[in-house]
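One letter stands for each residue in the lines below.
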Amino acid sequence: MNRSHRHGAGSGCLGTMEVKSKFGAEFRRFSLERSKPGKFEEFYGLLQHVHKIPNVDVLVGYADIHGDLLPINNDDNYHKAVSTANPLLRIFIQKKEEADYSAFGTDTLIKKKNVLTNVLRPDNHRKKPHIVISMPQDFRPVSSIIDVDILPETHRRVRLYKYGTEKPLGFYIRDGSSVRVTPHGLEKVPGIFISRLVPGGLAQSTGLLAVNDEVLEVNGIEVSGKSLDQVTDMMIANSRNLIITVRPANQRNNVIRNSRTSGSSGQSTDNSLPGYPQQIEPSFEPEDEDSDEDDIIIEDNGVPQQIPKAVRNTESLESLTQIELSFESGQNGFIPSNEVSLAPLASGTNAEFETRAPDQKLLEEDGTIITL
Amino acid sequence: MGAKQWQSLEAALGWVGCACANALASLQTVEHGFPNQPSALAFDPELRIMAIGTRSGAVKIYGAPGVEFTGLHRDAATVTQMHFLPGQGRLLTLLDDSSLHLWEVVHHNGCAHLEEALHHQPPSRPGFDGASGLPSLARITVVLLVAAGDLAALGTEGGSVFFLDVPTLTLLEGQTLGPDEVLRSVPDDYRCGKALGPVESLQGHLRDPTKILIGYSRGLLVIWNRAARCADRIFLGNQQLESVCWERSGRTLVSSHSDGSYAVWATDAGDSPTTQPTVATTPYGPFPCKAISKILWRNCASGEHFIVFSGGMPRASYGDRHCVSVLQAETLVTLDFTSRVIDFFTVHSTRPEDDFDEPQALAVLLEEELVVLDLQTPGWPAVPAPYLAPLHSSAITCSAHVANVPAKLWARIVSAGEQQNPQPASGASSWPITGGRNLAQEPTQRGLLLTGHEDGTVRFWDASGVALRPLYKLSTAGLFQTDCEHADSLAQAAEDDWPPFRKVGCFDPYSDDPRLGVQKVALCKYTAQMVVAGTAGQVLVLELSDEPSDQAVGVASVDLLQDREGFTWKGHERLSPRTGPLPWPAGFQPRALVQCLPPAAVTAVTLHAEWGLVAFGTSHGFGLFDYLRRSPVLARCTLHPNDSLAMEGPLSRVKSLKKSLRQSFRRIRKSRVSGKKRLTAGSKEANAQLAEQASPHDVEVTPVQRRIEPRSADDSLSGVVRCLYFADTFLRDAAHHGPTMWAGTNSGSVFAYALEVPAAAANSDRRPERAVEAVLGKEVQLMHRAPVVAVAVLDGRGRPLPEPYEASRDLAQAPDMQGGHAVLIASEEQFKVFTLPKVSAKTKFKLTAHEGCRVRKVALATFASVACEDYAETCLACLTNLGDVHVFSVPGLRPQVHYACIRKEDISGIASCVFTRHGQGFYLISPSEFERFSLSARNITEPLCSLDISWPRDAMRARPRESPKLSQANGTPGVVLGPQSRGGSPDPTRSEGADTPEPPEATLSPTSVDSATSADTTLDTTGDVTVEDVKDFLG
């Protein structure tokens, strides 16, 4: 994040890192040495200690920079959590027996309001017990085949989750022509094809797309009649949540759906991960639950009158909680209020921002926490 | 109340029904400027109208200002010749594919239009006239209309003369005159086995239509009597012939030749055949001269005839000049033009009963402009043209439109322009081409088109009507010391007094210094203040003054890099301003100069005269300047630290093809800008770059292949500031509104600053002692990172905020400051409306995701209803990279309608597009022509005119009418509206009553927008959108 170096000083000292840990309705704050975070075991013990739950088995999760709730259960992901925390590390603790695995995964803190409330209020959302096959909650989906039930067998609709991964999408498209069966016989029609997969890219790593697959739709919009440049622009515009319907060049790996018609639920053919039932849309629609909601907005919150206004505007305590959480999450590289200067600018050209003292910010945060 | 309800209903229904059809209509309406690549010229002395044909097959007829007709041949072939059928409003055109076309000006409901009536394609060589066995009509070289235009003589390359019945465009068989027939009357020693060559000239006798003067390339001149089928007289010229002119009495001939000489022959003296001319001279001899391609002889009552000819310059010394010489008695003027001479004609008496031509004016069509000289005023001054202005006299670099210009400012600009170009006192020197009547009403409002040019000038054009008239020219070059001064060319002109050159015309494409180029222009029409920003980061604030003055200009420089490390600017130097008091003529005079550092081209500029602020942006950042106190307020760097290209840091080894290509082009461009070492350093570097791309790392197997990758923060040029905007709105909280400034960048960032502008003292425009303050209020990073094209704030009623001073001077409805404001952010990929002061997404439309096209230009335009006088809606008009214009409701962002407007290949046309506030727009269809289009059915500027034509309307009327083409010259397809469907309303503002013209839906057929709408219908149900979008970081 480009601003971090300028405002690094504002987000606390460089050496230590603030940790805010939540268990049930309780918050604990403490600090960690950023350079020496230690082992996961020690951290786990520390958490049990600060929350005074020495003998309770818990699941530890944290909010990553994208607002996703990700688990901490070994040294690696613990170190990852510490290194990416900015400005503070937000920890969520659930009792293992009450744990809601569906809370983990992509975009959980941003999108899934119900999921979020699950995390916050584990006790009021106990409807669907989860079948835990393995530990999918440790991973993030990168792709899925969707709408298998409504598409012809020769087609495949692939969803690529670019969001949250560092990998490039990694594919190229080209013009070409394909032969279609029409009432008038075989016809050659222009089409768009995948021309190249970048080694190590998202597209290649999923194994769901291949060179010479014909692109039929992009996020629900047919590409026939559109130029290569238009399709390129459409794909880039949808790149954070790209859903491509292709006709694979290799038709041998197609899903055989005889079993499906016989009434089986057919989950086995569905590549997407269990635990995300709400993401498998039975009838696909090009709705954007993707990027745009994630526009980062940094507001000048220096005017104190805004606090009562915020309370007035929020209908329930719940939504207020949500707002507060996303504020603290530091997601998307957002740098809180000290980004914004209240100091009047000198008339000179060197406009320097006066950063607010960090303790003032802490006070404010604590103030809003009290309203919880 | 009723109207308000209606409006909200419209908004709710998303323009279902009548409003859509009535308020919106799209089409190209008129072309402004000078036709690109003219190739032929014709003049009808009876109707006093002029026609210009172009190499793309366009035909344009001009009369009095506002009288214009346009036609386009079906084949985009060069128009080689055009001839008016005098007084009939008909025009015979010859294309270079040897096809003949007859055009007619026809009237529909009182308005005249140009339509192609007939065309004739002579069959190719074999078998055309097998019966007569004559040589084929291979290539027509000349055309002559005889017998009041009923008959045309066609001279061909083979030396034959064919005759054509014009009303039917059929060849008259059996009348053809072959070269053999002529040779029979020629003495044997002249014949000597050689062919006569192509027919070079055909001339008719003013009083005796049976006589035709035929000039052959070899030099033979024959006066042919068509009735008697014999040669009346023969002149045995031996010099290769270029052109012949027959004096009106018929007693004298003048022929011009390829060696730069002309010869005068007497027709009534001596024997036939005549072997020697009475006079033969080489005007620019004795050294070898170039050919005189056309010559005219015009006699006067004073006895001193005019000889006007083109070419004939000494080959070695002035062979590259484009000259027309005018000779009367002892007076010779060599008109020296900057572009090639296409053709010329004189405006003179053509009544047969007159004894003298008495030429009034000489009109010369050049490749790039039309020049008219007044031949009756001593000194033959040039007559300012009321239209056909060469827009591109220096290349257009930007343009802007100002609507509803107050009458006072208009008068001041006009007067400043008149002081620049003092009009000749005598009334005689008026524009000689006066045919037709302009039926269009006086425009209800004044529209000003500003064009910025490469040479640092800004030209002001009257864009209120059909004729784009130059008003005033502002030059900013005088403020700076440029590399080369004009002095040398003047000195050169002074040292030679032979030939007597006279520079004519204003086409001058050579710029002294490319840094002077104007990039952005903004004008406040209420205070007559403007800002002109250029290529070298110069931002000039000017104010209109009616008096000349001497003053020094305050210079400030603003470092947009701030303290960014590791940056070295490798581009051009900044311009060095002249110091000390400088004389400024009446007109716009500079008040302050801001120079950006580094001196990159200014990419965005905006002016708020009420607050005395100007904001400007470059590829490095943006700044705010208080020009009343002459002090910088703010500078902000927008460079991304990873942007190695913008930072000019060491080149990274691994980079995308796109990036490195861009880089090489940038380097090439840069080296060109710096000028000197273009070939050595620049191209070597570029070649190295290109070679690097050819390495296996990035070799593409398929030539057309596109990479699919989201934009990242490190993309190059992400810091370019794309738009700047001032608004009085709610940024801090919902209770207090105040001045704000918004800036959008190439990487999808929007910065909003709250401004503290101290109130100016009541009667003074001087700022009190306090400085303007700017505080960063909000920062929005669009996740899709597409460049931000425009930002606009909408008031509580969803209307855009008025311009500065507009509300305070009661010229616009005051904005609604009660309801919540919203900000519309248009990126290249999508439009979004966010609430204010708490920025949360309200509505959006993802254009690229749905249509695969990208936004190039947007504007908020007011569309007035045709059906209801005082009903208007504001819509967002958007031009895409495919050349389509889309219209969206505001703030609902629902697609209303879209049209194909510009060809998608026409990149410069798309880049040059400007929208007006009332739903019109301009774009360049060629370097010299603006096409005007109108999205509004109410507000249309198109030629509405009539011609008094007289010709027997007999059986011609029954002929099936062929579909006319009313498209523009370079063949941009688009919505072509037949003249018929609009003919019903000579008055575009008439709107009430039963005879309201039908909206031309049928011909327009706007593409259905249903598919696009359905995808986004969920957006307006605000419930979940607001919840999911909320990122409220209120403390």
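Residues numbered from 1 in each chain as written. Chains lettered and ligands numbered in written order. Predicted model: local features only at pLDDT ≥ 70, side-chain atom pairs only at ≥ 80, totals over all residues. Heavy atoms only, no water.

Student: Just to check I follow, could you spell out the overall build of chain A for this structure?
Tutor: Within chain A one finds 10 helices and 13 strands. Buried residues in chain A amount to 52% of all 372 residues. Long-range pairs, those at least 24 residues apart, make up 65% of the contacts in chain A between residues at least 6 apart in sequence. When the accessible area of chain A is evaluated, it comes to approximately 17300 Å², of which 55% is carbon and sulfur surface. (Helix = DSSP H or I, 4+ residues; strand = E, 2+ residues; numbered from the N terminus. Buried < 20%, exposed > 50% of the residue type's maximum accessible area, 1.4 Å probe, protein only. Contact = heavy atoms within 4.5 Å. Areas by Shrake-Rupley, 256 points an atom, 1.4 Å probe, with all protein chains shown as cover.)

Student: Is there a simple way to think about the UniProt feature "domain: PB1" (unreviewed entry) in chain A in this case?
Tutor: UniProt tags residues 16–96 of chain A as "domain: PB1" (unreviewed entry). For the annotated span residues 16–96 of chain A, helix accounts for 26% and strand for 42% of the residues, and the straight-line distance between the end C-alpha atoms is 29 Å. (UniProt positions renumbered as here; feature names shortened; annotations may be inferred.)

Student: Sorry, what's going on with the pairing of strand E51 (residues 738–745) of chain B here?
Tutor: Within a regular beta strand, the side chains point alternately toward one face of the sheet and then the other, so they alternate between its two faces. All names here are of chain B. Summarising burial for E51: eight of the eight residues are buried, a large majority. In the sheet, strand E50 (residues 721–729) pairs with E51 via eight bridges, with the strands oriented antiparallel. In the strand pairing of E51, Thr729 is matched with Gly738. Between E51 and strand E52 (residues 749–756), which pair antiparallel and follow one another directly, the connecting turn spans three residues, one of which, Gly748, has a positive phi of 80°. (Pairing = 2+ DSSP bridges.)

Student: Looking at this structure, I do not really get a nonpolar patch on the surface. What am I missing?
Tutor: Residue and element names in this part refer to chain A. Together, Val179, Val181 and Leu186 line one region of the surface with nonpolar side chains, adding up to about 340 Å² of accessible area. Relative to the helices and strands, Leu186 resides in strand E9 (residues 185–197). We classify Leu186 as exposed; its relative accessible area is 63%. (Patch = residues over 30% accessible without salt bridge, like charges linked within 9 Å, V, L, I, M, F, W, Y side chains within 5 Å. Salt bridge = Lys/Arg side-chain N within 4 Å of Asp/Glu carboxyl O.)

Student: I tried to follow the sheet that holds E50 of chain B on my own but got confused; where do I start?
Tutor: Strand pairing in a sheet relies on backbone hydrogen bonds. The paired strands run either parallel or antiparallel. Taken in spatial order, the five strands line up as E13(A)-E53(B)-E52(B)-E51(B)-E50(B) in an open sheet, and their pairing is antiparallel. For this open sheet the edge positions go to strand E13 (296–299) of chain A together with E50 of chain B, each flanked by a neighbour on one side alone. Across the sheet, the axes of successive neighbouring strands diverge by a mean angle of 20°, strand direction being ignored. Where E52 of chain B and strand E53 (residues 773–781) of chain B come together, eight bridges link them in antiparallel fashion. Paired with Tyr753 of chain B across the strands is Leu776 of chain B, a residue of E53 of chain B. (Axes fitted to C-alpha atoms, helices over the stretch in contact; angles between N-to-C directions.)

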